[in-house]
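These are the residues of each chain, in order.
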Amino acid sequence: MAGNDPALKRWAILKRPYGAPLPMTDHAFQHCIIPACGQSYAVDDVLFACRKCGALLDVRYDWDLARPPDTLSFFDARRAAATGRPGTGPDSSGVWRFRELLPFARDDDLATIGEGRTLLQQADELAAAIGIKPGRLFLQYEGFNPSGSFKDNGMAAAFTIARRLGKRRVACASTGNTSASLALYAHHTAAAGQQMEAVVFVGGGKIALGKLAQALDYGARTLQIEGDFDTCMELIQRSAHRLDLYVMNSVNPFRLEGQKTIIYRVLEGLNWEVPDWIIVPGGNLGNSSAFGKALVELRDLGLIDRLPRLAIINAEGANTLYELYNDHHIRFDGGKVGHHTADAYFAMIVAEGRSARTVASAIEIGRPVNLIKALRSLEWLSGVVEQVADEVILDGKALVGRYGYGCEPASGASIAGLRRLLDTQVISPTDRVVCILTGHGLKDPQVTVAYHTDRRPPAARAFPNPPVAVAADIEAIESALSK
Ligand SMILES: *Cc1c(COP(=O)(O)O)cnc(C)c1O
Ligand SMILES: [Zn+2]
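Let me begin by describing the structure that accompanies this report.

What counts, and where the lines are drawn
Residues numbered from 1 in each chain as written. Chains lettered and ligands numbered in written order. Predicted model: local features only at pLDDT ≥ 70, side-chain atom pairs only at ≥ 80, totals over all residues. Heavy atoms only, no water. Helix = DSSP H or I, 4+ residues; strand = E, 2+ residues; numbered from the N terminus. Rg over C-alpha atoms; globule rule 2.2 N^0.38 Å. Buried < 20%, exposed > 50% of the residue type's maximum accessible area, 1.4 Å probe, protein only. Contact = heavy atoms within 4.5 Å. Areas by Shrake-Rupley, 256 points an atom, 1.4 Å probe, with all protein chains shown as cover. Core = buried A, V, L, I, M, F, W, Y, C linked by side-chain atoms within 4.5 Å. Donors = N, O, S within 2.8 Å, 3.2 Å for Na, K, Ca; no water. Tetrahedral: all angles 85-135°; square planar, octahedral: opposite > 155°, others 65-115°. Near = heavy atom within 4 Å. Polar contact = N/O pair within 3.5 Å; in protein donor to acceptor, adjacent residues only side chain to side chain. Nonpolar A, V, L, I, M, F, W, Y, C, P; charged D, E, K, R; others polar. Salt bridge = Lys/Arg side-chain N within 4 Å of Asp/Glu carboxyl O. Pairing = 2+ DSSP bridges. Phe/Tyr/Trp six-rings, centres within 6.5 Å; stacked < 30°, edge-to-face > 60°. Right-handed = clockwise from strand over helix to strand, strands pointing away.

### Focus on the overall build of the protein
Scanning the protein from N- to C-terminus turns up 16 helices and 13 strands. Rg of the C-alpha trace for the protein: 22 Å, near the compact-globule value of 23 Å for 483 residues, within the 12% margin. With the C-alpha coordinates aligned to their principal axes, the bounding extent of the protein is approximately 75 × 55 × 50 Å. Burial status across the protein gives 59% buried among its 483 residues. Contacts in the protein between residues at least 24 apart in sequence constitute 73% of all its contacts with a sequence separation of at least 6. As displayed, the protein offers around 19,700 Å² of accessible surface, 50% of which is attributable to carbon and sulfur atoms.

What follows is the structure, encoded as structure tokens:
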């Protein structure tokens, strides 16, 4: 395996020549998410919606053939063996060390740049600050990924399939982090000797500077489209075939297979004990979709014996799921989901000229592509959907900065949502809660600095820590420090 190849000096995209016959694992296939349709497609069929009914697709497995481990502690032994070894292979990846649970590719095909080396932090100080009992609140910090967001989990899986299909031009619409991740994986792939061009569509002026900096630095062709994320997403879906772009957004079901591993690492961090709640910000709803699938698969395989509940948090200014779920009562309902309700809602949004608007740019999405899959997760996990204002999102983010490792605004929505669900007594202070922190604190420094320095009334910001202007004089410094 190339991961053990001493000549490979960088984090490895494992080498496999294009054009070589690429044997598919014979136990993986794509499957329509609507049970009444039930259409299947081969793994190498390039499509992002069911040809029969237009619904989204899952990657599914024949588990009898795939033969996953019969206990989750199997992964402890592997992890212990990989720890301390300077590895670049799949066992050193926080995605691929769980490869038996997403077995669509052969070991030699796996793409990795060291993603998923994350941390589940027991956050007792933060818990105390918001009224949760000690030992009950955990933060899953995905900012430790190579490009600084959870998107790398998905890209490892999506690049694996892109390479296997011989794709040389990959693309995404992005609020920022998807493009950063795509660009990083593409240039590592190219550096491993396989041509791979990254094309990213970002909304004009709607991207945090840290993320734009990454896309440019990593060499992606960056198209700043006049319009917002939803416009970019629609354009990329319409143009993919004509421009020969392989779409790496979360409509690509392989990406969601990679994102399932966030859940595996959360459970691993809890010694495989299932928490009561998982709280995640909702944008395009890829994570929400992947988490439900991961957990239900584990349950169906007998690897866990109960399911946690899921809370998806929208920003008030980008609250499509919140409105559809809580006001229009739209449900997955075993796949009988009312597309009409959603379509009528989107028609109304267009007619009213509404577009998504929030400081949490990563979740500034009005038309989430994974809506129906997220509804399925909500059904599976007895979920709730909450919305939070930008002010409380920023306070949530500030709390993570003070008591955790920091995070970007969208991730702060998890904490803001948790506080709201504690207030409304949906979550109790003794519940075991995991908040997913989706992106790194340095992605959007402008928002952070504005939060701490802005001269708006302090009521709008609960935890500001402004810098203090001091003369270049020791006495002045002494006096400033004594305040
Ligand atoms: C992409 C992204 C989100 C939204 O995730 P979805 O899976 O699309 O709902 C949230 N936070 C950050 C930091 C992101 O990059
Ligand atoms: Zn179908």
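### Considering the nonpolar core
Counting 113 residues, the largest nonpolar core has Phe104, Phe159, Leu182, Met248, Leu371 and Leu375 as the members making the most contacts within it. Aside from chain neighbours lying at most four places away, what touches Phe159 is Ala111, Val170, Leu182, Tyr185, Ala186, Thr189, Met196 and Met248. Counting 33 residues, the second largest nonpolar core, distinct from the first, contains Ala123, Ala360, Val400 and Leu418.

### Comments concerning the coordination of the zinc ion (ligand 2)
Within the protein, the zinc ion (ligand 2) binds to Cys32 (SG), Cys37 (SG), Cys50 (SG) and Cys53 (SG); these donor distances fall in the range 2.3 Å. One can describe the donor arrangement at the zinc ion (ligand 2) as tetrahedral, given that its 4 donor atoms subtend angles of 96 to 115 degrees at the metal. The sequence pattern formed by the donor residues of the zinc ion (ligand 2) is C-x4-C-x12-C-x2-C. Here Cys53 lies in the loop between strand 2 (40-41) and strand 3 (57-61) and Cys37 lies in the loop between strand 1 (28-32) and strand 2, a separation of 16 residues in the sequence. Of the residues examined, Cys37 reaches a relative accessible area of 15% and is grouped as buried. Exposure remark for Cys53: the relative accessible area of 41% places this residue in the partly exposed category.

### Notes on the site of ligand 1
Around ligand 1, a shell composed of 16 residues is seen, among which Lys151, Asn177, Gly283, Asn287 and Thr438 lie nearest. In this structure, Lys151 approaches ligand 1 through a side-chain N or O atom, which is 2.6 Å from an oxygen atom. Thr438 is positioned such that a nitrogen or oxygen atom in its side chain is 2.8 Å from a nitrogen atom of ligand 1. Within the shell around ligand 1, the residues separate by chemical class into 6 nonpolar, 8 polar and 2 charged.

### Here's the deal with unusual backbone geometry
Glycine aside, residues mostly have negative phi, and peptide bonds are mostly found in the trans state. Although it is not a glycine, Asp244 sits at a positive phi angle of roughly 50 degrees. Counting through the fold element by element, Asp244 comes out in the loop between helix 7 (229-243) and strand 9 (246-247). One non-glycine residue, His329, adopts positive backbone phi at about 55 degrees. Among the structural elements, His329 can be located in the loop between helix 10 (320-327) and helix 11 (339-351).

### Let's talk about the pattern of salt bridges
Under the defined criterion, the tally for this structure stands at 25 salt bridges. Between Glu257 and Lys293 there is a salt bridge, with the nearest N and O atoms lying 2.7 Å from each other. On the criterion of sequence distance, the pair formed by Glu257 in helix 8 (residues 253-269) and Lys293 in helix 9 (residues 286-300) is long-range, its members being 36 residues apart. As far as burial versus exposure is concerned, Glu257 and Lys293 are alike and both buried. One connected set of salt bridges, linked through shared partners, spans Arg78, Asp91, Arg99, Glu100 and Asp107.

### Here we look at the sheet that holds strand 6 (residues 169-174)
On the basis of which strands lie adjacent, the open sheet formed by 4 strands has the order 8-7-6-9 and parallel pairing. With partners counted over all chains shown, the strands left at the sheet margins are strand 8 (221-225) and strand 9, one partner each. Bridge count for strand 7 (residues 197-203) against strand 8 is 5 bridges, and the pairing is parallel. Bridging across to strand 8, Val199 finds its partner in Arg221.

### Section: the packing of aromatic side chains
Going through the model one piece at a time under the given rule, you end up with 12 aromatic pairs. For the ring pair Phe98 and Tyr264, a centre distance of 5.3 Å and an interplane angle of 55 degrees mean the geometry is tilted. Placement of the pair is Phe98 in the loop between helix 2 (73-82) and strand 4 (119-122) and Tyr264 in helix 8, with a sequence separation of 166 residues. Both residues of the pair, Phe98 and Tyr264, belong to the buried class.

### A look at the pairing of strand 6
Of all the 6 residues making up strand 6, 5 are buried; the element is thus mostly covered by neighbouring parts of the structure. Tracing the backbone out of strand 6, into helix 5 (residues 177-191) and back to the parallel element strand 7 gives a crossover that is right-handed. Alignment of strand 6 against strand 9, held across 2 bridges, turns out to be parallel. In the sheet register, Val170 faces strand 9, and the bridge partner there is Tyr246.

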